[in-house]
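# Structural overview for review
One-letter residues, chain by chain:
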Protein chains: 2
Amino acid sequence: MKLPAFKSALLCAAFLAVAHGPAHADVLIDNVEGLRIDEDGDLDRFTGLWLEDDGTIIEVLDKRDKRPERPDFLADMKGQIIVPGMIDAHLHVMGLGFGALTIDLSETGSLDEALALIAQFARENPGRPWILGRGWNQEKWGLGRFPTAQELDRAVSDRPVALERVDGHATWANSLALEAAGVTAETESPAGGRIERGADGVPSGVFVDAASSLIDKVVPEPRPLDRDVALQEAQRLLLSQGITAAADMGTTLADWQTFRRAGDTNQLRIRIMAYAAGIDAMEIIGGTGPTPWLYEDRLRLNGVKLYLDGALGSRGAWLKAPYSDDPGNSGLPLLSEAQLRNLMSRAAMENYQVAVHAIGDAANAEALSAIEELSESYRGDRRWRVEHAQIVSPEDIRRFGEHGIIASVQPVHQTSDRLMAEARLGPARLEGTYAWDALEEAGARLALGSDAPVESPNPFIGMAVAMTRVDGDGMPPGGWMPQERLSRMDAWRGFTSDAAFAGFAEGRFGRLVKGERADFIVIDRDISRARPEAIRETQVLETWVGGKQVYRREDR
Amino acid sequence: MKLPAFKSALLCAAFLAVAHGPAHADVLIDNVEGLRIDEDGDLDRFTGLWLEDDGTIIEVLDKRDKRPERPDFLADMKGQIIVPGMIDAHLHVMGLGFGALTIDLSETGSLDEALALIAQFARENPGRPWILGRGWNQEKWGLGRFPTAQELDRAVSDRPVALERVDGHATWANSLALEAAGVTAETESPAGGRIERGADGVPSGVFVDAASSLIDKVVPEPRPLDRDVALQEAQRLLLSQGITAAADMGTTLADWQTFRRAGDTNQLRIRIMAYAAGIDAMEIIGGTGPTPWLYEDRLRLNGVKLYLDGALGSRGAWLKAPYSDDPGNSGLPLLSEAQLRNLMSRAAMENYQVAVHAIGDAANAEALSAIEELSESYRGDRRWRVEHAQIVSPEDIRRFGEHGIIASVQPVHQTSDRLMAEARLGPARLEGTYAWDALEEAGARLALGSDAPVESPNPFIGMAVAMTRVDGDGMPPGGWMPQERLSRMDAWRGFTSDAAFAGFAEGRFGRLVKGERADFIVIDRDISRARPEAIRETQVLETWVGGKQVYRREDR
């Protein structure tokens with residue numbers, strides 16, 4: 001297309017004007033006690049942040065540095081401690097949000113206490129068409145029997161209610177839920193399940209195992225508006241914990257559309273690095289490859305999450321040798337050798353990042369083999385991720401040091417799982433289990449996360465566990481396999497810059513350096529010096545994303 | 001959340017800074033012979049456009065108006081004629097794009113000519129894994145028999161080829177396509193279809209009716225990259241015809257993701273008002289309701305397209321009385337009364353706009369009844385659309401004047417269909433058929449479109465037909481039912497401001513007024529004065545969207 005000279009000039013000038021961008025305005029966040037980690041992994045202190053009004057850092061300032069002469073906006077932080085926003089390398093954004101929209105009965109000590117909580121939740125959530133929850137335990141209540149639909153009706157009678165038992169093996173429903181499910185005295189228990197019944201044979205309100213599906217199948221799918229509410233809940237929760245960015249592990253199309261709705265209407269406050277829930281979701285979301293960074297670095301589809309095995313608790317993790325507490329069972333792979341390579345290849349071919357869920361030692365060995373093979377065809381900076389990397393044979397650990405593999409681990413799983421892991425694996429197999437220091441020594445980059453809502457998203461608990469391997473009660477004294485503890489700086493990096501790197505976000509956020517977005521939190525203690533048990537108690541006072549305050553503790 | 005005074009000030013100031021927006025730069029498009037339609041529907045002339053650098057019109061200037069003193073960018077248009085960009089109220093963006101990526105054999109006069117064209121297309125499209133096309137006709141070629149796979153192999157032997165006959169009732173494939181389909185001498189013809197065979201019983205390359213599916217089913221689904229290429233083709237085609245915005249009628253999820261990929265990477269040049277292909281697509285795309293206008297008014301999901309009946313050609317249009325040329329058949333509705341109202345209600349409930357495809361008089365009457373009923377519940381500015389509104393009983397025409405209904409009609413269908421319509425409907429039923437003036441007199445707002453790729457997207461042909469009701473050969477002399485012609489200004493408005501209004505885009509584009517986006521085209525004649533047969537020949541020299549040139553004729 002040949003243009004006369006004056007037109008070429010016009011088009012070129014127009015382009016420059018766009019590149020020139022918004023009117024410049026200086027923002028100064030001053031009088032802070034700033035803590036960050038420098039490129040060598042050492043602590044660096046600063047006292048101010050000079051920002052563009054789009055939240056990009058112009059300069060990180062120390063006491064002697066010149067401030068902008070007349071900043072357009074000035075925040076005097078009055079000497080408070082600020083650190084980079086925390087980044088969670090593995091959680092489930094929508095699961096966290098939906099979890100916040102259901103009742104948690106796990107702390108209730110009696111039926112009456114549970115009923116009161118349920119009634120209160122229903123009052124506070126008048127718009128929710130079903131009341132859902134989990135965590136009840138009639139043994140803990142000292143009830144000596146299952147609760148009934150009639151009892152639940154006393155708490156909520158205007159809407160159906162369905163509540164999962166603490167172990168997930170039974171559902172307690174009210175009368176409207178039974179009605180919605182069409183369950184009557186004539187309904188037979190399905191294979192593998194049992195409908196609890198009164199003396200008259202009428203279903204009494206509890207459905208055991210496979211019978212739960214009678215109720216579950218009539219619980220309506222969440223509507224888009226429900227999803228929007230759940231996302232807002234998740235964001236509120238994460239920001240209140242000091243998390244400014246997170247990898248969403250297993251983004252469905254509906255999840256993605258929810259993220260985009262929020263982005264399109266300026267309601268996306270956290271930064272989400274998304275990993276699609278399988279290849280089909282990856283392809284329809286991303287199309288020809290990872291999306292660009294959208295909404296000023298708040299959303300990107302990075303790649304795909306693939307499940308290679310299950311979990312340790314359910315003995316679905318794929319082990320090289322049978323479970324110590326179930327000698328006939330070694331778990332099993334969810335994908336064949338060929339399937340795994342085929343799916344990874346389809347993703348890598350279009351430059352998607354691959355994150356493989358691998359918990360058992362056989363799964364980890366197989367994930368590593370697949371990565372090794374694919375690295376021959378797909379070169380360059382791939383950042384292959386192994387999610388969980390919980391049980392790794394000592395001879396496989398060194399393999400994490402090759403091909404730039406990222407071990408994405410969740411410290412709190414170690415404290416939650418330790419007694420179970422001892423039972424499932426036996427003492428001889430524990431070397432290489434939750435072996436964070438060994439993985440790091442081998443050359444893997446560790447990205448730390450919470451796996452919320454499976455565990456609390458609180459990153460300071462995660463950081464404390466990473467440094468100690470003791471739980472909230474200080475157990476076991478001295479830490480479980482303490483040689484696998486991480487240093488303070490490694491744990492901190494794992495929840496900030498290394499979690500960003502694991503999501504191809506370095507240079508955008510994670511370190512509070514010039515050119516990155518100003519994501520930071522105001523906290524109540526100096527985590528560069530506090531003892532781990534104090535780090536665990538860290539309180540987040542304010543959270544800022546892109547130079548704007550998006551959370552502030554209510555009591556302040 | 002209570003903020004101390006200095007923080008409130010900061011947040012407020014930050015908001016103002018955003019509202020302040022980009023650095024202001026003046027763009028002047030000057031020395032034009034500008035033509036537009038004013039609010040009273042009269043012609044208005046102007047000589048310059050003063051724009052923001054984001055393409056928003058600051059002022060439309062006439063000769064005496066003051067220009068900005070030192071514009072940052074100046075385009076001297078040397079007295080050329082410019083008019084608002086044309087808007088197509090009903091077409092299929094991706095269909096148009098994919099059509100451009102297949103061969104059209106309808107103009108070929110011999111087998112050899114067709115083979116040469118096919119070979120050339122394959123050479124020019126080395127990246128396409130299958131060569132697809134349509135429009136061949138062995139009768140027109142004087143061949144006296146079907147062509148063969150071996151003959152097609154002479155044109156393309158490195159990739160499979162599948163070509164649809166002009167009537168859509170047969171597929172011609174080459175040897176690689178037969179191989180891909182696994183078709184051999186043993187393959188039996190399916191019910192309702194016939195595999196053409198040589199004397200030896202070996203399939204010869206043509207598959208009639210239902211047998212076509214043997215080939216069709218192995219043609220690969222388009223990949224996201226194919227879709228991106230198709231969208232670029234569609235945009236190129238539309239911009240070259242002077243179309244700067246279009247309603248996409250029947251947007252699938254894959255289409256939408258393609259539009260978003262283009263938007264996310266600054267490759268969306270036309271403006272798309274999308275109507276989802278059914279309720280499920282609507283819900284997953286839009287979620288809680290229509291999307292915001294995205295990418296500086298280049299994309300919005302407005303609502304949903306629903307099919308109430310089929311087409312006249314296939315006698316699928318739903319008539320009140322049987323077809324004149326098929327006395328046992330009245331066509332049929334594709335949705336029951338309850339289904340139509342249910343789907344429309346689900347859309348209207350969430351403020352989506354509803355566009356109902358209705359061709360036959362029974363379908364139009366039923367669409368009107370449904371709109372009348374739903375208007376009681378869903379009040380306000382709904383802009384119910386009836387797509388096509390081709391055959392309307394005279395007693396139903398006045399009903400188009402109520403509830404702000406929009407009749408979305410495609411003028412060129414009238415000239416393409418007229419002989420068929422006469423045969424299908426008989427003389428007594430033609431009143432109310434393509435009755436544009438009567439619809440407008442009744443008070444309906446007419447939005448004009450092309451239905452491309454079914455017809456050419458050229459809006460000047462559409463405008464000329466709307467004004468004359470004669471085809472490109474001037475037939476029939478005086479026009480078909482000439483009382484239903486539209487005035488020049490109504491036809492022009494139908495392809496600009498009324499098409500914008502039909503898509504809730506008034507105030508954003510369509511009229512070249514202050515505050516709207518500067519979408520305009522440079523054309524080679526004054527369509528406010530040219531005779532209709534000259535309007536039909538209008539040449540588009542340049543196309544500008546949002547104040548930026550996005551098309552320029554190659555010979556200039």
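Residues numbered from 1 in each chain as written. Chains lettered and ligands numbered in written order. Predicted model: local features only at pLDDT ≥ 70, side-chain atom pairs only at ≥ 80, totals over all residues.

What follows is about the overall build of chain A. Secondary structure assignment for chain A yields 18 helices and 22 strands. Its C-alpha atoms give chain A a radius of gyration of 26 Å, near enough to 24 Å, the size a compact globule of 556 residues would have. C-alpha atoms of chain A, sized along the principal axes, occupy 90 × 60 × 55 Å. Taking all 556 residues of chain A together, 49% fall into the buried category. In chain A, of all internal contacts separated by at least 6 residues, the share reaching a separation of at least 24 is 71%. (Helix = DSSP H or I, 4+ residues; strand = E, 2+ residues; numbered from the N terminus. Rg over C-alpha atoms; globule rule 2.2 N^0.38 Å. Buried ≥ 20, exposed ≤ 12 C-beta atoms within 10 Å, placed from the backbone. Contact = placed C-beta atoms within 7 Å.)

Residue and element names in this part refer to chain B. Interhelical geometry of helix α7 (residues 224–240) versus helix α8 (residues 253–264) gives an angle of 70 degrees and a closest axis separation of 10 Å. Between α7 and α8, the crossing angle belongs to the class labelled roughly perpendicular. Between α7, through Arg227, Asp228 and Leu231, and α8, the contact on the second element is made entirely by Ala254, Thr258, Arg261 and Ala262. Its residues placed into classes, the contact of α7 with α8 shows three nonpolar, one polar and three charged. (Axes fitted to C-alpha atoms, helices over the stretch in contact; angles between N-to-C directions. Parallel < 35°, antiparallel > 145°, perpendicular 65-115°, else oblique. Nonpolar A, V, L, I, M, F, W, Y, C, P; charged D, E, K, R; others polar.)

Residues and elements named next belong to chain A. When you line up the elements, Arg493 lands in helix α16 (residues 488–494). With 24 C-beta atoms counted inside 10 Å, the residue Arg493 sits in the buried group. As a C-alpha pair, Arg493 and Lys63 span 430 residues in sequence and 25 Å in three-dimensional space.

Right, let's talk about the environment of Asp490 of chain A for a bit. If you trace the backbone, Asp490 of chain A turns up in helix α16. Once the C-alpha coordinates of Asp490 of chain A and Gln353 of chain A are considered, the two residues, 137 residues apart in sequence, prove to be 24 Å apart.

Residue and element names in this part refer to chain B. Taken in spatial order, the eight strands make up an open sheet running β6-β13-β14-β15-β16-β17-β18-β19, and their pairing is parallel. Each of the sheet's edge strands pairs with one partner strand only, and the pair in question is β6 (86–91) and β19 (445–448). With direction set aside, neighbouring strand axes in the sheet form an average angle of 25 degrees. In this sheet, strand β15 (residues 299–307) lies alongside strand β14 (residues 271–277) in parallel orientation, the contact comprising six bridges. By the bridge assignment, Ala277 is partnered in β15 with Lys305. Relative to the sheet, helix α10 (residues 337–349) contacts β15 and β16 (353–358), its axis offset from that of β15 by approximately 165 degrees. (Pairing = 2+ DSSP bridges.)

All names here are of chain A. With their axes 7 Å apart at the nearest point, helix α13 (residues 411–425) and helix α15 (residues 459–468) run at an angle of 70 degrees to one another. Put simply, α13 runs roughly perpendicular to α15. Classified by chirality, the crossing of α15 by α13 is left-handed. Residue-level contacts link Pro411, Val412, Gln414 and Thr415 of α13 to Ile461, Gly462, Val465 and Ala466 of α15. Tallied by class, residues from the contact of α13 with α15 come to five nonpolar, three polar and no charged. (Left-handed = near helix turned anticlockwise from the far one by under 90°.)

Residue and element names in this part refer to chain A. Counting buried positions along strand β21 (residues 540–545) gives five out of six residues, so the element sits mostly inside the fold. With four bridges joining them, strand β20 (residues 520–523) and β21 adopt antiparallel strand pairing. From the neighbouring strand, Ile523 faces β21, where its bridge partner is Val540. Strand direction decides the pairing type here: β21 and strand β22 (residues 548–552), joined by four bridges, are antiparallel. In the strand pairing of β22, Thr543 is matched with Tyr551. Once β21 ends, the chain turns through two residues before running back antiparallel as β22, passing Gly546 with a positive phi of about 55 degrees.

Right, let's talk about helix α13 (residues 411–425) of chain B for a bit. Residue and element names in this part refer to chain B. In the structure, α13 departs most strongly from a straight axis at Asp417, where the bend amounts to approximately 65 degrees. Those residues of α13 lying buried are Pro411, Val412, His413, Gln414, Thr415, Asp417, Arg418, Ala421, Arg424 and Leu425. Those residues of α13 that are buried are in contact with β18 (406–409), β19 and α15 (459–468). Within two residues after α13, Gly426 carries a phi angle of roughly 75 degrees, on the positive side. (Bend = angle between axes of the 7 residues up to and from the residue.)

As a further point, take the pairing of strand β15 (residues 299–307) of chain A. With eight of nine residues buried, β15 of chain A is to be regarded as a mostly interior element. In the classification by handedness, the crossover that spans strand β14 (residues 271–277) of chain A, the intervening helix α9 (residues 279–286) of chain A and the parallel β15 of chain A is right-handed. (Right-handed = clockwise from strand over helix to strand, strands pointing away.)

Moving on: the sheet that holds strand β10 (residues 170–173) of chain B. All names here are of chain B. Strand order across the open sheet formed by six strands is β7-β8-β9-β10-β12-β11, with mixed pairing between neighbours. The sheet terminates laterally at β7 (103–104) and β11 (193–197), the two strands that pair on one side only. Summarising the sheet, β7 and strand β8 (residues 131–136) pair through two bridges and their orientation is parallel. Note that in β8 the partner of Asp104 across the bridge is Arg134.

Among all residues except glycine, the phi angle is most often negative; among peptide bonds, the trans geometry is most common. The omega torsion across Met475 of chain A and Pro476 of chain A is -15 degrees, close enough to zero to call that bond cis. Here Pro476 of chain A lies in the loop between α15 and α16. The residue after Ala452 of chain B, namely Pro453 of chain B, is reached through a cis peptide bond having omega 10 degrees. Relative to the helices and strands, Pro453 of chain B resides in the loop between β19 and α15. Even without a glycine there, the phi angle at Asn266 of chain B is positive, about 60 degrees. Inspection of the secondary structure assignment puts Asn266 of chain B in the loop between α8 and β14. Residue classification places Asn266 of chain B among the exposed residues on the basis of 11 C-beta atoms within 10 Å.

Here the focus is the confidence of the model for chain A. Per-residue confidence for chain A averages 93 on the pLDDT scale, and 96% of its residues sit at or above 70. We note a pTM of 0.90 for the whole complex and an ipTM of 0.88 for its interfaces. (pLDDT = per-residue confidence, 0-100.)

Looking at the secondary structure, you find Leu132 of chain B in strand β8. When residues no more than four places from it in sequence are discounted, the contact partners of Leu132 of chain B are Thr102, Ala162 and Val219 of chain B.

Residues and elements named next belong to chain A. Taking 1.5 Å of rise per residue, the twelve residues of helix α8 (residues 253–264) would be expected to cover 16 Å, and the 16 Å separating its terminal C-alpha atoms lies within 8% of that figure. Within the span of α8, buried status applies to Asp255, Trp256, Gln257, Thr258, Phe259, Arg260, Arg261 and Ala262. Looking one or two places after α8, you find Asn266, whose phi comes out positive at around 55 degrees. (Expected span 1.5 Å × (residues − 1).)

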